Amino acid sequence: MEKQSQIGMGGRWALPFLGVACAVGVGSIYYNQPLLLVMGQSLHQTAKEMGFVAVATQVGYACGIMSFVPLGDITDRRKLMVRMYAGVSVALLIAALSHHLATMLIASVLIGLMASVTHIVLPMAPELVPHERRGQAIGTVMTGLLLGVLLARSFAGWVSGIGGWRSVFFAAALMNAIFVPVLYKVMPRSQPHQDLTYKQTLRSLWTLFRDEPLLREAGTIGGLTFATFSCFWTTLAFVLSKHYGMGPGVAGTFGVVGAAGAMVAPFAGRLSDRHGTRFVVTLAGGIMTFCYLWIWLCEGFHVSTTLHMVFLVFGVLALDLGMQMMQVGNQTRIFGLGELARSRLNTIYMTMYFIGGAIGSALASLAWSRWEWNGVCALEIGLIVLAGVRHATGYSRRHPQSGPSIPPSEMEIA
């Protein structure tokens, strides 16, 4: 197929390989979340201060998306990806060797910067399939990405229980280092989509943001919903420790529960192809709202610890299902706006997405330090309601997948 030749990886393994590449890269920014408590004890820091380690990683990720991901439209992707996976490995080593909060914060920013390579990989998915299967292709690759997000927490919790929190970062550094020669061998050289300078490419980001209301809506909704998601995962280890006396291994195990929800991504892609992306986004928002209310209310039930865990498992499973549907719906929308600018469209969307995540982590740490779980849950509900209002009052075009809406001339420079 012509689309497959653009990437050089034909056959049934093309999309799964991209999914693995996404999982390896994105997992790096989530290893710290179930470890914040034990890392804080080792570095002699409070829960509030350690919350900013998660914030630093997400801020770095947003900056990396803004700085590096646009290069996917104008340079050889293989060379860029190899260098960035090597960079992730080095940043993880710095984190593993950190003995002070300042060093850990610097390492966390670097991890986030380099791990943004994930979003150089993701825009390749629509290029491998016919136009009418774009949602399904994105869903398949997103499954790998989302499994990386969720299983990274489980991996961190389990490995830290065996060799301590530093062993998690050493192991992650090794995995990323191994992936460098694999990428070099499997990925062919790629031709740039457009002949632009880096300065022109960055300038075109503003043009796309200014001229595409659907992109702004998707970015705002994505940022707000990911803020709620970050609120939950940043503080889950705290509530499990204080309320139930459970360690990071248990917090990490919840990632396995969420991984089951991630398997809905291909289904969400097919649903998007069939019924439209706004339907998927609306359904996902409803599921997430229900989950936050459920998790909050269940904490007040006077039942056994075992039953509390059953309730929480159900909530996490449904929450991750809703979040994955939201992400697939939003990214299917934006990738339909222009084939020649997919890396830059993804840059804008994911920058807004992870700025939301960083704000959510920061607000969750503050809410926990003052009001604990009730404050965190109230914050989650408030943010998801804001996302619902933005969706209800947003851009109304139902089928952005009908074709590119950005003329090539407008993709270049303002």
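Located above this text is the structure these notes cover.
Small disclaimer: the values here were computed from a predicted structure and weren't measured. (Residues numbered from 1 in each chain as written. Predicted model: local features only at pLDDT ≥ 70, side-chain atom pairs only at ≥ 80, totals over all residues. Heavy atoms only, no water.)

Focus: the packing of helix α8 (residues 134–163) against helix α9 (residues 165–186)
And then number 1: Contact pair α8 / α9: the axes reach a minimum separation of 7 Å and the direction vectors enclose 120 degrees. When the axes of α8 and α9 are compared, the pair comes out oblique. Seen along the crossing, α8 lies across α9 with a hand that is right-handed. When α8 is examined against α9, the residues Phe155, Ala156, Val159, Ser160 and Gly163 are found in contact with a partner set consisting of Trp165, Ser167, Val168, Ala171 and Met175.
And then number 2: In the contact of α8 with α9, the residues fall into seven nonpolar, three polar and no charged. (Axes fitted to C-alpha atoms, helices over the stretch in contact; angles between N-to-C directions. Helix = DSSP H or I, 4+ residues; strand = E, 2+ residues; numbered from the N terminus. Parallel < 35°, antiparallel > 145°, perpendicular 65-115°, else oblique. Left-handed = near helix turned anticlockwise from the far one by under 90°. Contact = heavy atoms within 4.5 Å. Nonpolar A, V, L, I, M, F, W, Y, C, P; charged D, E, K, R; others polar.)

Concerning the packing of aromatic side chains
And then number 1: For the structure shown, the criterion picks out 15 aromatic pairs.
And then number 2: Between the aromatic rings of Trp165 and Phe169, the centroid separation amounts to 6.0 Å while the plane-to-plane angle is 85 degrees, which identifies the pairing as edge-to-face. Of this pair, Trp165 and Phe169 both sit in helix α9, four residues apart, roughly one helical turn.
And then number 3: Judged by relative accessible area, which is 2%, Phe169 ranks as buried.
And then number 4: Every member of this aromatic cluster is reached through a ring pair, and the members are Phe226, Phe229, Phe232, Trp233, Tyr349, Tyr353 and Trp373.
And then number 5: The lysine or arginine in question, Arg78, covers the ring of Tyr184, its NZ or CZ lying 4.4 Å from the ring centre. (Phe/Tyr/Trp six-rings, centres within 6.5 Å; stacked < 30°, edge-to-face > 60°. Buried < 20%, exposed > 50% of the residue type's maximum accessible area, 1.4 Å probe, protein only. Lys NZ or Arg CZ within 6 Å of the ring centre and 35° of its normal.)

Description of the side chain of Ser89
And then number 1: Position of Ser89 among the secondary structure elements: in helix α5 (residues 77–96).
And then number 2: Ignoring anything within four residues of it in the chain, the contact list for Ser89 reads Ala173, Asn176 and Ala177.

Quick notes on helix α10 (residues 198–211)
And then number 1: The end-to-end C-alpha separation of α10 is 20 Å, in line with the 20 Å expected for 14 residues at 1.5 Å each.
And then number 2: Along α10, the residues that are buried comprise Thr201, Ser204, Leu205, Thr207 and Leu208. (Expected span 1.5 Å × (residues − 1).)

Observations concerning the pattern of salt bridges
Should the charged atoms of two oppositely charged side chains come close, the side chains can pair.
And then number 1: Under the criterion given, the structure shown has five salt bridges.
And then number 2: Of the charged contacts in the structure, one is a salt bridge between Glu372 and Lys242, with a shortest N-O distance of 2.3 Å. Here Glu372 is found in helix α16 (residues 342–392), whereas its partner Lys242 is found in helix α11 (residues 213–244), with 130 residues between them in sequence.
And then number 3: Residues participating in the shared-partner salt-bridge network are Glu217, Arg278 and Arg333. (Salt bridge = Lys/Arg side-chain N within 4 Å of Asp/Glu carboxyl O.)

Function-wise, these values are silent; they only describe arrangement.
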